Amino acid sequence: MSIDPPIEHYDKSVGLIDEKICELINERKLISNNPGYPTADLITNWSKKYNLYEEFLDNLFIHLLNEEMYKPIEEPKGFIKNVPVLKSYENKDVFYSVTLVRQYENVSVVQLHIDKDSSEENPADRHQNTFIELTVEDKENEYECRYEGGSGSGGHMSHDYIVSPPLPDDMTRIRLIFKEYDEPYRRKPTGLEF
């Protein structure tokens, strides 16, 4: 997806600096496969030293930590069929299920359903920002999984994941692994994995 510049002006005298920023980001990636996230003290010190806002630096490093979410992924094209999965997991009265995988010519779509009794739910618990990540475990192939959105109401939620390349029709050799995080950007595991 292309992004239109927010303004039409660009001061070309900073072009070499901007290129250097890109070079340094690439160098950071080459040095460490998982650089992590700077401590609060480092953010505060750099903020003062370089006359930058702490929240700006915080967001900058959050985006660096989650660069893979910007990687383009194919949109589903050419529906072929639904492949039944019929697997479920229950934890603390919450029922998780994957009933099927939608097969397309170029990708697969995995839909995770989450059901719970919301009649006694505390209203403060309704807006928890948890994120569930999907990975596919397969000894023969590597897969890219991208959270594509979700919806729900009451005690039901549904999350869609695009998997590329398409999953095999015979899914006996693969495992769908779901892992929950407190926040999608900070990636703090909650301990829930199934």
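Residues numbered from 1 in each chain as written. Predicted model: local features only at pLDDT ≥ 70, side-chain atom pairs only at ≥ 80, totals over all residues. Heavy atoms only, no water.

A.B. asks: What am I meant to see in the sheet that holds strand E2 (residues 94-104) here?
C.D. replies: Hydrogen bonds between backbone atoms are what pair the strands of a sheet, whose relative direction is either parallel or antiparallel. Overall, antiparallel pairing links the five strands, which are arranged E1-E2-E3-E6-E5 in an open sheet. Either end of the sheet is taken by a strand with one partner, and the two such strands are strand E1 (79-91) and strand E5 (144-153). Direction aside, neighbouring strands of the sheet carry axes that sit 20° apart on average. Examined bridge by bridge, strand E3 (residues 108-116) and strand E6 (residues 156-164) share eight bridges and lie antiparallel to one another. Counted as the bridge partner of histidine 113 is serine 158 from E6. (Pairing = 2+ DSSP bridges. Helix = DSSP H or I, 4+ residues; strand = E, 2+ residues; numbered from the N terminus. Axes fitted to C-alpha atoms, helices over the stretch in contact; angles between N-to-C directions.)

A.B. asks: Looking at this structure, how should I read the packing of aromatic side chains?
C.D. replies: The relative placement of two aromatic rings is captured by the distance of their centres and the angle of their planes. Inspection of every chain in the model, using the stated rule, returns nine aromatic pairs. Judged by centre distance (5.7 Å) and plane angle (35°), the ring pair of tryptophan 46 and phenylalanine 61 falls under tilted. Taken together, the residues tryptophan 46 in helix H2 (residues 40-49) and phenylalanine 61 in helix H3 (residues 54-65) connect sequence positions 15 residues apart. Assessed through its relative accessible area of 29%, tryptophan 46 is described here as partly exposed. Among the residues examined, phenylalanine 61 registers a relative accessible area of 12% and is labelled buried. Judged by centre distance (5.5 Å) and plane angle (75°), the ring pair of phenylalanine 79 and tyrosine 104 falls under edge-to-face. Pair noted here: phenylalanine 79 is in strand E1 and tyrosine 104 is in strand E2, with a separation of 25 residues, a long-range link. Taken together, Tyr89, Tyr96, Phe131, Tyr147, Tyr161, Phe178 and Phe194 form an aromatic cluster joined through their ring pairs. (Phe/Tyr/Trp six-rings, centres within 6.5 Å; stacked < 30°, edge-to-face > 60°. Buried < 20%, exposed > 50% of the residue type's maximum accessible area, 1.4 Å probe, protein only.)

A.B. asks: Explanation requested: the pairing of E3 in the structure shown.
C.D. replies: The buried fraction of E3 is high, at seven of nine residues. Relative to E3, E2 is paired through seven bridges, and the arrangement is antiparallel. Looking across to E3, one finds that arginine 102 is bridged to valine 109.

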